[in-house]
Amino acid sequence: MTILKGLLAPFQIFNDVVLPIGRGIAVACIALMVVCILVQVFFRYVLNSALPWPDEAARFLMLWMTGLIAPSAYRTGGFVAIDMFERALPKTLAAIVSLLLLAISLIVLVTAAKLGYTETFGFGGKFASSTLWVPLDWVGGTSFKVLLRYMYMSIFVGFVLLTIVNIELILRSIITLFGGGDTLKPLSDLDLAGAE
């Protein structure tokens, strides 16, 4: 049991530190996304002159918001789940089924992280650019187009964080299966501690 708790500790500490930061950035992303959309609505319907960048900027912010908030939701059980079958089983069997599902999820998450890595750092990601321009002319800089790799990076980062959360959940499930679950802090307490 001590070995399992020793394995769990780095994942739990990482998630306790990084996920609240991700939530904060995600909140900023959604606020900026709303601003982009309101700017576009104003220019399109009031001034009758739509801007080329707000739609792409809002999409960029939405991708990053999703990649950074999903791990917190996954950790605290915030995703939609059909758990009638698991609840109908005896406690030990339900824990084994839950552990099996987490293991399958780990395979999917690692595969998705690999795909995200390929899209972000692969050959094609180096050249493809979006229609989003960052105008720095007005502050003495040079404007540049945002490469698609920075959008794809949200997928990679999101799936890496989800994988780390999944490993933590697997370790917590194994500890609980072996009777040490009552010694673990509830995830809701851990996750909300960073939000205060």
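One can find the structure itself at the top, above this paragraph.
Structural notes, computed from the coordinates. Numbers given for residues are sequential positions, taken from 1 along each chain in its written order. In keeping with the predicted nature of the model, local features appear solely for residues at pLDDT of at least 70, side-chain atom pairs appear and are counted solely at 80 or more, and the whole-chain, interface and lining totals rest on all residues. Only heavy atoms go into the side-chain values, all of them from the structure, while hydrogens and water stay out.

This part is about the overall build of the protein. Put simply, DSSP marks the helices as runs of H or I at least four residues long and the strands as runs of E at least two long, and each gets a number from the N terminus on. In terms of helices and strands, the protein carries six helices and two strands. Helices (α) and strands (β) of the protein occur, in sequence order from the N terminus, as α-α-α-α-β-β-α-α. Going through the 196 residues of the protein one by one, you find that 35% of them count as buried. Whether two residues are in contact is decided by their heavy atoms, any of which lying within 4.5 Å being enough. Long-range pairs, those at least 24 residues apart, make up 69% of the contacts in the protein with a sequence separation of at least 6. Every accessible area reported is derived by Shrake-Rupley at a probe size of 1.4 Å, with residue values counting cover from the shown protein chains alone. A total accessible area of about 11,900 Å² is found for the protein, and carbon and sulfur atoms account for 73% of it. Residue exposure (1.4 Å probe, protein chains only): buried if accessible area is under 20% of the type maximum, exposed if over 50%, otherwise partly exposed.

On to the nonpolar core, then. Considering soluble globular proteins, one finds that nonpolar side chains tend to be buried as a cluster. One finds Cys 29, Cys 36, Phe 60, Leu 61, Trp 64 and Leu 68 to be the most contacted residues of the largest nonpolar core, which totals 15 residues. For this core, the secondary structure elements donating two or more residues are helix H1 (2-46), helix H2 (54-75) and helix H5 (148-177). Looking at this core element by element, the count peaks at seven residues for H2. Setting aside chain neighbours within four positions, we find Cys 29 in contact with Leu 61, Trp 64 and Met 65. Definition used in this section: a nonpolar core is a set of buried Ala, Val, Leu, Ile, Met, Phe, Trp, Tyr and Cys residues joined via side-chain atoms within 4.5 Å. Grouped together as the second largest cluster of nonpolar side chains are eleven residues, Leu 19, Leu 102, Leu 109 and Leu 162 included.

Whether two aromatic rings pair depends on their centres lying within 6.5 Å, for rings of Phe, Tyr and Trp, where Trp uses its six-membered ring; planes under 30 degrees apart make the pair stacked, over 60 edge-to-face, and the rest tilted. Following the criterion strictly, the structure yields five aromatic pairs and no others. Note on Phe 42 and Phe 43: the rings are 5.7 Å apart at their centroids and 85° apart in plane angle, and the pair reads as edge-to-face. The exposure class of Phe 43 is partly exposed, given its relative accessible area of 27%. Judged by centre distance (5.0 Å) and plane angle (45°), the rings of Tyr 117 and Phe 121 are tilted. With Tyr 117 and Phe 121 both in helix H4 (residues 91-121) and four residues apart, this pair spans about one turn of that helix. Take Phe 121: its relative accessible area is 36%, and that puts it in the partly exposed class.

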